[in-house]
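A look at the structure
So the chains spell out like this:
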Amino acid sequence: MDSAEATVDRPAPAGPSARRRLLFVVNDLGFFLSHRLPVAEAAAAEGWEVHVAAPADPADNRARLRAAGHHFHALPLHRHGTNPVSEAASLSATYRLFRRLRPDLVHLVTVKPVIYGGVAARLARVPAVVSAISGLGYVFSSSGIRARMIGRLVRPFYRFALGHPRQRVIFQNENDRAALAKLSPRLDARAAIIRGSGVDLDTFVPAPEPEGPVTVMLASRLLREKGIADFVTAARLLRAEGAGARFVVVGDAPGGNPASIPAGQIEEWRAEGTVEFWGHRVDMPEVIRQAHLVVLPSFYREGLPKVLLEAAASGRPVVTTDWPGCRDAVEPEKTGLLVPPREPAMLANAIRDLVGDAEARRRMGLAGRALAERAFSARAVAQQHLEIYRGLTHATEG
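We now turn to the structure provided with this report.

Criteria and thresholds
Residues numbered from 1 in each chain as written. Predicted model: local features only at pLDDT ≥ 70, side-chain atom pairs only at ≥ 80, totals over all residues. Heavy atoms only, no water. Helix = DSSP H or I, 4+ residues; strand = E, 2+ residues; numbered from the N terminus. Buried < 20%, exposed > 50% of the residue type's maximum accessible area, 1.4 Å probe, protein only. Contact = heavy atoms within 4.5 Å. Areas by Shrake-Rupley, 256 points an atom, 1.4 Å probe, with all protein chains shown as cover. Pairing = 2+ DSSP bridges. Axes fitted to C-alpha atoms, helices over the stretch in contact; angles between N-to-C directions. Phe/Tyr/Trp six-rings, centres within 6.5 Å; stacked < 30°, edge-to-face > 60°. Lys NZ or Arg CZ within 6 Å of the ring centre and 35° of its normal. Polar contact = N/O pair within 3.5 Å; in protein donor to acceptor, adjacent residues only side chain to side chain. Salt bridge = Lys/Arg side-chain N within 4 Å of Asp/Glu carboxyl O. Right-handed = clockwise from strand over helix to strand, strands pointing away.

Scanning the protein from terminus to terminus reveals 16 helices and 13 strands. Classification of the 398 residues of the protein by burial places 54% in the buried group. Taking contacts inside the protein between residues at least 6 apart in sequence as the whole, the part at least 24 apart equals 72%. Total accessible area on the protein is roughly 16600 Å²; 54% of this is exposed by carbon and sulfur atoms.

As structure tokens, then:
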């Protein structure tokens, strides 16, 4: 029995009286729970039977999904793998799952699910497809030889995966839409812009600044393209000037990702003492409350960085790069400051401006919360997804 079928849930085949069946395909169940669960819950409330296919990660994530009333299916989908044999097995398992489950609609999230799920959906004749491009990632952000080689390989698959006759493709920013439109001439008619996965405005709420020195926080996966080294350099420059700020990095380096910061480099920075490394944290509302401002000096092909939305909802100003995805989360000079990517001296200047100006932090924090309420509510984002589901369902029934 293959790993896609060795799963806990075996619902009966869909029939005329069955509820419509929605299947999410993701490469990380934890990511689904943190970024897409509100969409699943809104869909279930509207009558969809919700299924999620992902690698079988820690059991507590699966238990949380089942507790929400949804079905889980183990899928051998390796987030960073490039071995042709295992990748072919992932595509085959995805196809077999689609054939067995017979979903009415599949919602594919992040690069590999979009490509493999898009190919499998066409081959398995799935009635409707939603493909969510939550950033173009390593292949589009890195200029290395390996990234260019992978890019040449994946582009034809992108074209096929985005060619389903009943499909909507959700982008989080206009730059990503324009980049992929070059691969698929019919994409513009199917594209939709939804600005990120939203933020829970009842969980991330403004709070007074903490006591003590101004805390400058970077919260991210520890990837080179996230600008971790630029943040460390900026912190050194400011410390050399005598700035009394505290610099903190929250997050860990994902295993298997070629862009991950090596553990030895992180330990060197930790030993230097300029920047504190707090590791992976799941209590992000409390973590952000400990910051005075949030920094993300990314040059990664972001969709819309969730931490910037969480910072805005929490009433914290941000400093980030004038870069696709990052700039889409900020109203420049109102909710935060933009700096050129890979310019640590200019990053240090922007941080210095906010470290020394409590009134500017307060003003930007208030504007950030207003922006989150206006544009980034998780509830509003879920409703935007449901409108797309309704349109595709109506199209398949018509």
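Now that the structure has been shown, we can carry on.
Before going further, it helps to examine the sheet that holds strand β4 (residues 105–109). Spatially, the seven strands line up as an open sheet ordered β3-β2-β1-β4-β5-β6-β7, and their pairing is parallel. If you trace the sheet from one side to the other, it starts and ends with β3 (71–74) and β7 (191–193), each paired once. Adjacent strand axes in the sheet meet at a mean angle of 20 degrees, parallel and antiparallel pairs treated alike. The sheet contact formed by strand β6 (residues 167–171) and β7 spans three bridges and is parallel.

Our focus in this paragraph is the packing of aromatic side chains. Aromatic rings considered in pairs are described by the distance between their centres and by the relative angle of their planes. In total, this model carries four aromatic pairs according to the counting rule given. The interplanar angle of 65 degrees and the centroid separation of 5.9 Å between the aromatic rings of tryptophan 48 and tyrosine 389 together place this pair among those described as edge-to-face. On the criterion of sequence distance, the pair formed by tryptophan 48 in the loop between α2 (37–45) and β2 (49–54) and tyrosine 389 in helix α16 (residues 378–397) is long-range, its members being 341 residues apart. Comparing tryptophan 48 with tyrosine 389 shows no difference in burial state: the two are buried. A cation over an aromatic ring shows up here: arginine 20 above the ring of tryptophan 48, its NZ or CZ 4.4 Å from the ring centre.

Looking at where serine 90 falls in the secondary structure, it is placed in helix α4 (residues 84–101). With relative accessibility at 1%, the residue serine 90 sits in the buried group. In terms of polar contacts, serine 90 uses its side chain to reach the backbone carbonyl oxygen of proline 76, at 2.4 Å.

Moving on, we get to the pattern of salt bridges. A complete count under the given rule lists 16 salt bridges for this structure. Across the pair arginine 390 and glutamate 46 runs a salt bridge, and its minimum N-O distance is 2.6 Å. Residue arginine 390 is located in helix α16, and its partner glutamate 46 is located in the loop between α2 and β2; the two are separated by 344 residues in the primary sequence. Of the residues examined, glutamate 46 reaches a relative accessible area of 30% and is grouped as partly exposed. A salt bridge links arginine 361 to glutamate 209; the shortest N-O distance between them is 2.7 Å. Here glutamate 209 lies in the loop between β7 and β8 (215–219) and arginine 361 lies in helix α15 (residues 358–375), a separation of 152 residues in the sequence.

A few words on the pairing of β2. Burial analysis of β2 places six of its six residues in the buried class, the great majority of the element. Judged by which residues are buried, β2 turns out to be covered on both faces: Glu49, His51 and Ala53 on one side and Val50, Val52 and Ala54 on the other are all buried. In the sheet, strand β1 (residues 21–25) pairs with β2 via five bridges, with the strands oriented parallel. By the bridge assignment, valine 25 is partnered in β2 with alanine 53. The pairing of β2 with β3 spans four bridges and is classified as parallel. Paired with alanine 53 across the strands is histidine 73, a residue of β3. Once the chain exits β2 it traverses helix α3 (residues 59–67) before rejoining the sheet at β3, and the crossover so formed is right-handed.

Attention shifts here to the sheet that holds strand β10 (residues 276–279). Strand order in the open sheet made by the six strands is β10-β9-β8-β11-β12-β13, with parallel pairing throughout. One side of each edge strand has no neighbouring strand; the edge strands of this open sheet are β10 and β13 (336–339). Here the average twist between neighbouring strands, direction ignored, is 25 degrees. Relative to strand β9 (residues 246–250), β8 runs parallel, the two sharing five bridges. Within β9, the position partnered with methionine 217 by the bridge is valine 248. Taken strand by strand, helix α13 (residues 306–313) contacts β8, β11 (293–296) and β12 (318–321), and its axis lies near 165 degrees from that of β11.

Read these as spatial facts, not as claims about activity.
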